[in-house]
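Commentary on secondary and tertiary structure
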Amino acid sequence: MESPPPHKRNVGRDDDRISALPDDLLLGILERLELREAVRAGAVSTRWRHLPHRLSRLHLNGRHFRCTTLLEYMDAFTGAARSLLTDRDCHCNGSHAIKSISLRFFLSAPHLSSIGRAVEHVVSRGETKRLHFGTCSPYKRNTALQLAEFGQQFMSFSRDYPLAFRWLTRLTLKNLAFGHSDVTDLISACDKLTHLTLSFCQLVDEHTPLKIDTPSSGIKDLEFIQFGCTQIELISVPKLSKVQCTSWRLANPPVRFVYVPELRDVSLSTGAMAWQVPFLLSECLSRSAMNLSKLHLNFRHQMIWIQPEHPKQLTAIFRNLSDLSLSEIFPECDLSWTLFILEAAPALQKFTLSRTRHACDIAFEDNAEKTNVVWEPSKDFKHMNLKSLTIDGFEEEDKVTNYIRLVMERAVGLKRIELRGEGCKKCDAIDPRTSQVDETRRHRIKELLTNGSSSSVERIMR
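Reference entry: report on the structure contained in this document. (Residues numbered from 1 in each chain as written. Predicted model: local features only at pLDDT ≥ 70, side-chain atom pairs only at ≥ 80, totals over all residues. Heavy atoms only, no water.)

**Topic: helix 6 (residues 109-123)**
What counts, and what does not: Note on conventions: DSSP H or I runs of at least 4 residues are helices, E runs of at least 2 residues are strands, and numbering of each starts at the N terminus. Each residue after the first adds 1.5 Å to the expected span of a helix. Only protein chains enter the accessibility calculation, which uses a 1.4 Å probe; a residue whose area is less than 20% of its type maximum is buried, one above 50% is exposed, and one in between is partly exposed. Here, two residues are considered to be in contact whenever any of their heavy atoms come within 4.5 Å of each other.
Here helix 6 contains 15 residues, and its C-alpha end-to-end distance of 22 Å stays within 8% of the 21 Å for a straight helix at 1.5 Å per residue. Buried within helix 6 are the following residues: His111, Leu112, Ser114, Ile115, Gly116, Ala118, Val119, Glu120, Val122 and Val123. Contacts from the buried residues of helix 6 go to helix 4 (70-85), strand 2 (100-106), strand 3 (130-136), helix 7 (144-160) and helix 8 (162-166).

**So, the packing of aromatic side chains**
Which entries qualify depends on this criterion: The aromatic pairing rule takes the rings of Phe, Tyr and Trp, using the six-membered ring of Trp, and pairs them if the centres are within 6.5 Å, calling planes under 30 degrees apart stacked, those over 60 edge-to-face and the rest tilted. Here, a charge over a ring means that NZ of Lys or CZ of Arg falls within 6 Å of the ring centre while also lying within 35 degrees of the ring normal.
Inspection of the entire model under this criterion finds 16 aromatic pairs. For the pair Phe77 and Phe105, a centre-to-centre distance of 6.1 Å together with 55° between the ring planes defines the contact as tilted. Of this pair, Phe77 sits in helix 4 while Phe105 sits in strand 2, placing them 28 residues apart in sequence. Note on accessibility: Phe77 and Phe105 belong to one class, buried. One residue, Lys192, lies across the ring of Trp167, its end atom 4.7 Å from the ring centre.

**Looking at the sheet that holds strand 8 (residues 210-213)**
Quick note on the threshold: Whether two strands pair comes down to DSSP finding at least two bridges between them. To define axes, lines are fitted to C-alpha atoms, for helices over the stretch in contact only, and angles between the resulting N-to-C directions are given on a 0 to 180 degree scale.
Sheet architecture is open: three strands sit in the order 8-10-12, paired in parallel fashion. Edge positions in the sheet fall to strand 8 and strand 12 (255-259), since each of these pairs with one other strand and no more. With strand direction ignored, the average angle separating the axes of adjacent strands in the sheet is 10°. Summarising the sheet, strand 8 and strand 10 (residues 232-236) pair through four bridges and their orientation is parallel. Considered in strand 10, the bridge of Lys211 is made with Glu233.

**What about the environment of Ala144?**
With respect to the helices and strands, the residue Ala144 is situated in helix 7. According to the relative accessible area criterion, Ala144 is exposed, its value standing at 53%. Distance in space between the C-alpha atoms of Ala144 and Asn175 is 9.7 Å, their sequence separation being 31 residues.

**Describing the packing of helix 4 against helix 6**
In plain terms, the rule: Reported orientations rely on four angle classes, namely roughly parallel under 35 degrees, roughly antiparallel over 145, roughly perpendicular from 65 to 115, and oblique for the rest. What makes a crossing left-handed is the near helix being turned counterclockwise from the far one by less than a right angle; a clockwise turn instead makes it right-handed.
Contact geometry for helix 4 and helix 6: axes closest at 10 Å, N-to-C directions at 15°. In terms of axis orientation, helix 4 runs roughly parallel to helix 6. By crossing handedness, the relation of helix 4 to helix 6 is classed as left-handed. For the pair helix 4 and helix 6, contact is made by Leu71, Met74, Asp75, Phe77, Thr78, Arg82 and Leu85 and by His111, Ser114, Ile115, Ala118, Val119, His121 and Val122, respectively.

**With respect to helix 7**
With 17 residues, helix 7 should cover 24 Å at 1.5 Å per step; its first-to-last C-alpha distance of 24 Å lies within 8% of that length. Residues of helix 7 that are buried: Leu147, Ala148, Phe150, Gly151, Gln153, Phe154, Met155, Phe157 and Ser158.

**Things to note about the side chain of Ser236**
Turning to its location among the elements, Ser236 is positioned in strand 10. Ser236 gets classed as buried once you look at its relative accessible area, which sits at 11%. Each residue touching Ser236, except ones within four places of it in the same chain, is listed here: Ile212, Asp213, Thr214, Pro215 and Tyr259.

**Here we look at the pattern of salt bridges**
The following threshold applies: Put simply, a salt bridge is a Lys or Arg side-chain nitrogen that is within 4 Å of an Asp or Glu carboxyl oxygen.
Considering all chains together, one arrives at six salt bridges under this definition. Notably, a salt bridge pairs Arg256 with Glu233, separated by 3.2 Å at the nearest N-O pair. Placement of the pair is Arg256 in strand 12 and Glu233 in strand 10, with a sequence separation of 23 residues. Judged by its relative accessible area of 33%, Arg256 falls in the partly exposed class.

Shown next, in the form of structure tokens:
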């Protein structure tokens, strides 16, 4: 018996079935696409043509346009922004509010006014929930003069279009130089701003501190990536809950917290330079930060840039700390010094520690010399709340196993130890930690960790 002929798709009929769907369902389809794909879909069908102008979110990135000059990039960008922001009333029978706008653009003075007018046209309706501006630099390397010019352009932009900036919820700024009060003025001008990222930015006078004093702002998240100044001083930022500071070139400590009562999450990450000396955490963190619950310190397999201190100096600050991560400690360094933080943080429940020994570890000439850190923990210290200890980059050596046993002796409530031998994600070198732990070795390690100990801690090796 002959098989039935294969079904042939009727393109026109099937496409008509999709086009026959109501606008709300078609919009649901387009909302799941990248903006470029959504616009293309509208361009090929008269039925879909008006739909991109009814999308509830608009995310435009100047780098996504295929152009050769800065002028061409920004002509294309502003043309698309005007069309999708201000022309939407002409393309749809009813007004559909744009709930989320994200615009990432190059700083070109002639085009900033078009962006500002288009955004103010939308936000004046009062229905926008999220508004993000991000800046790009057209150059791989920028001179101090160019950075200062970009900074002046952006500050002028903020002053010329105050309504748009009052609606901003997120700012991501890159390669700008600011006057000493510009950052505070910018935060104060943005009534709804909750997230600010400053990447490869600096003060015009790098030999002065960046002072942020915004007692009335609602900003919650600050991120600094290689910011150029002598120190970042958070004088009064009452709603601030998260701070990240990465790859600083300034002297230690990089940040000084003054009044930050809602601070909960701090992340500091850098490879120490020769001119930087270890600092006390009590010199950096504020006693007003009594809600701090998460601390991440990444040493980038270079010198340990914090100095152990008496736990009593930190107990008031760390009394609610529950999650601690110490990353990329160079493998020759002793680990006992880390216990001063455990002793200062009685509520700590989760502790993650990582060590690195990779072929891609490169020490630069201006990196600080790696020195061992010595600290003798209190003999009678017992931690009642630590539940989980994770060590990334575990190696079977006395230094590490002795350290784990030391933690087990002090953390009387410890429930779980996880030892992970992750390989390097940046280099192709074969790392002995990447191989699976065989049963013989697994048994030997467990014996080393349990010998003489009555602990019933669960031990997991990956």
